[in-house]
Amino acid sequence: MSGHDILDLVKQRNPNEPEFIQAAEEVITSVWPVLERNPEFIRLRLLERMLEPERQISFRVTWLDDKGNVHVNRGYRVQMNSAIGPYKGGLRFHPSVTPSVLKFLAFEQIFKNALTGIPMGGGKGGSDFNPKGKSDDEVMKFCQAFMGELARHISHRLDVPAGDIGVGGREIGYLFGAYKKIKNEFTGVLTGKGIGWGGSLIRTEATGYGLIYFAENMLQEKKESIKDKTCLVSGSGNVAQYAIEKIIHLGGKAVTASDSDGFIYDAAGITKDKLEFLKDLKNNRRGRIKEYADKYKCEFHALDAKHDHNPLWSIKADCAFPCATQNEVNEKDANNLVKNGLKLLGEGANMPTTIDAINILIDHGVMYSPGKASNAGGVATSGLEMTQNYMGTKWTSEEVDARLVGIMKNIHQTCLAAAKEYGKPGNYLVGANIAGFLKVAKAMQAQGVV
Ligand code: NDP
Ligand code: 2IT
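Just so we're clear, the structure is a prediction, and the values are computed from it rather than from any experiment.

### Digging into the packing of helix α6 (residues 136–150) against helix α7 (residues 169–183)
For step 1, the next point in the chain: For the pair α6 and α7, the least separation of the axes is 8 Å and the interaxial angle reads 45 degrees. Classified by the interaxial angle, the pair formed by α6 and α7 is oblique. Both α6 and α7 take part in a crossing whose hand is right-handed. On the side of α6, the interface is formed by Asp-136, Val-139, Met-140, Cys-143, Gln-144, Phe-146, Met-147 and Gly-148, while α7 contributes Arg-170, Glu-171, Tyr-174, Leu-175, Ala-178, Tyr-179 and Ile-182.

### So, the nonpolar core
For step 1, the next point in the chain: Membership of the largest hydrophobic core comes to 102 residues, with the highest contact counts inside it found for Leu-51, Phe-107, Phe-321, Ile-411 and Phe-437.
For step 2, the next point in the chain: Filtering out sequence-adjacent residues up to four positions away, Phe-437 remains in contact with Val-31, Val-34, Leu-35, Phe-41, Leu-47, Met-50 and Phe-111.
For step 3, the next point in the chain: Within the second largest apolar cluster, 23 residues are counted, among which are Val-61, Val-139, Phe-142 and Val-189.

### Focus: the pattern of salt bridges
For step 1, the next point in the chain: Going through the model one piece at a time under the given rule, you end up with 27 salt bridges.
For step 2, the next point in the chain: Note that Lys-103 and Glu-17 form a salt bridge whose closest N and O atoms lie 2.7 Å from each other. Highlighted residues: Lys-103 in helix α5 (residues 99–116) and Glu-17 in the loop between α1 (3–13) and α2 (18–37), separated in sequence by 86 residues.
For step 3, the next point in the chain: A relative accessible area of 4% means that Lys-103 is categorised as buried.
For step 4, the next point in the chain: For Glu-17, a relative accessible area of 13% corresponds to the buried category.

### Observations concerning the packing of aromatic side chains
Two measures describe an aromatic ring pair: the distance that separates the ring centres and the angle between the ring planes.
For step 1, the next point in the chain: Tallied over the entire structure, the rule returns 19 aromatic pairs.
For step 2, the next point in the chain: For the ring pair Phe-20 and Phe-107, a centre distance of 5.9 Å and an interplane angle of 85 degrees mean the geometry is edge-to-face. Of the two residues, Phe-20 is situated in helix α2 and Phe-107 in helix α5; the sequence distance between them amounts to 87 residues.
For step 3, the next point in the chain: Considering the side-chain rings of Tyr-209 and Tyr-213, the 6.3 Å spacing of their centres and the 65 degrees angle between planes classify their relative orientation as edge-to-face. Here the residue Tyr-209 and the residue Tyr-213 both occupy positions in helix α8 (residues 203–221), the gap between them amounting to four residues, near one helical turn. Taken as a pair, Tyr-209 and Tyr-213 share a single burial class, namely buried.
For step 4, the next point in the chain: Through successive ring pairs, a cluster of aromatic residues spans Phe-59, Trp-63, Phe-93, Phe-129, Phe-142 and Phe-146.
For step 5, the next point in the chain: A cation over a ring is seen here: Lys-103 above Phe-20, with NZ or CZ 4.6 Å from the ring centre.
For step 6, the next point in the chain: Geometry around Tyr-209 places Lys-246 over its ring, the cationic atom sitting 4.3 Å from the centre.

The rules behind these values
Within every chain, residues take consecutive numbers counted from 1 along the sequence as written. Written order determines the labels here, with chains lettered from A and ligands numbered from 1. Reporting of local features is limited, given that this is a predicted model, to residues whose pLDDT is at least 70; pairs of side-chain atoms are given and counted only at 80 or more, and all residues count toward the totals for whole chains, interfaces and linings. Side-chain metrics in this entry use all non-hydrogen atoms of the structure; hydrogen atoms and water are not considered. To obtain each axis, a line is fitted to C-alpha atoms, and for helices this fit is confined to the stretch in contact; angles are then taken between N-to-C directions over 0 to 180 degrees. Helix and strand assignments come from DSSP, with helices taken as H or I runs of at least 4 residues and strands as E runs of at least 2, each series counted from the N terminus. An angle below 35 degrees is treated as roughly parallel, one above 145 as roughly antiparallel, one from 65 to 115 as roughly perpendicular, and anything else as oblique. Whether a crossing is left-handed or right-handed is set by the direction in which the near helix is turned from the far one by less than a right angle, anticlockwise for left-handed and clockwise for right-handed. Whether two residues are in contact is decided by their heavy atoms, any of which lying within 4.5 Å being enough. Remark: nonpolar core denotes a set of buried residues (Ala, Val, Leu, Ile, Met, Phe, Trp, Tyr, Cys) joined through side-chain atoms within 4.5 Å. Note on classification: 1.4 Å probe, protein chains only; a residue is buried when its accessible area is under 20% of the maximum for its type, exposed when over 50%, partly exposed between these limits. Throughout this description, the term salt bridge denotes a Lys or Arg side-chain nitrogen within 4 Å of a carboxyl oxygen of Asp or Glu. Two rings from Phe, Tyr or Trp (for Trp, the six-membered ring) form a pair when their centres sit within 6.5 Å of each other. Planes less than 30 degrees apart are called stacked, planes more than 60 degrees apart edge-to-face, and all others tilted. Comment: the charge-over-ring label is applied if NZ (Lys) or CZ (Arg) is within 6 Å of the ring centre and within 35 degrees of the ring normal.

So this is what it looks like as structure tokens:
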């Protein structure tokens, strides 16, 4: 038995799931040395077990639009692993959602959640529903129909969903209202709730803030900081907005943001005021990023589907933070970033960098952090929301932020320690995969063959 055998098995069993295979390959490659040191893990088939969802639910979601037309979407929840706690992970509403995408996300979530130090298992769900261009009423009706089925499979002790692409505060509100109505109980079954009804302060900010805290920890290893660094950010949703906000707080300069139409390049830097405009544009008016360029007279580059690279990553900068979606930084992009002297790439999105691109960055000495480490602040703060819900208490912003800072620091140290122990000092990818794997593997070993 070797890592290759396990990867071959994954390919055989999941032939039409390229994203899942990609995430599996990355983890198998990193953790194989751990299995070699612990033959009992191989005998117990722990890695194979982690690669198979404990349960995978697929269901029909039927809803009526404002004109009375009937729509049929697909809903899913992948309950990947519950060795260390209830399933935990976001819901994604986007037309690109497939079982492969959700399985890769649920698989990554196992290790990410383990790294936070909070007892949470791994899960992910969502739908191919596209919220773009839908009225609030249509989004509400969809959320109610979606929860009509999902409610049978989740609870605050079993599986606690949250937001992800296309699922923000508005959707969590509708989903929570529907769950409460169906189950006739008020529990913390979802995180990312509104502040007045069980939500935690700082959860909205947590993923973006945590990403930049993590980057600051990485830079400190080289006696540097984000102050005065030029930063590329992709995306303009939840993660991107609060990454930009924290870059500004810490004295750095963010010069780009993007959506699926294209990106803006604001060489003067996105200021606090400009960021407020961007938040209003994206969160309230649900408009397109080009409006930012029109208002502030900066460059807008439309996304060209024919491009074999993204010109956003050709801009000269010190740090890059992909915060939009998977596989948005490819080999060509990585070469462009390296050519321009990039120092650090921190993943805000999940798996935004292809395996070849990661290898190019690491081989050229760019500090690289995988999303499962550097974007873990979001789910960690979801964990803090769950704790507050169980305790029936509410912590202040300062308290939650201080915990977030501590958690990101701890994840950073954990990754470095594991990487060093396995002969790959400074390799955050290997460190994150090994540390997350070990925690879950030991729990599964203790719990027997189940
Ligand atoms: P949002 O829906 O708030 O924002 C997503 C952003 O990415 C939008 O600007 C969107 O543009 C853009 N985008 C999405 N899909 C594509 C695509 N296929 N091509 C180009 N642009 C795209 O999502 P989040 O900010 O919450 O999530 C962003 C990433 O961060 C995802 O990978 C998510 O899994 C990850 N993440 C999120 C966490 C959270 O707490 N929310 C926690 C950890 C990770 P447009 O509006 O045009 O679609
Ligand atoms: O990818 C992620 O970690 C998230 N979308 C957040 C999950 C959560 O449960 O807060």
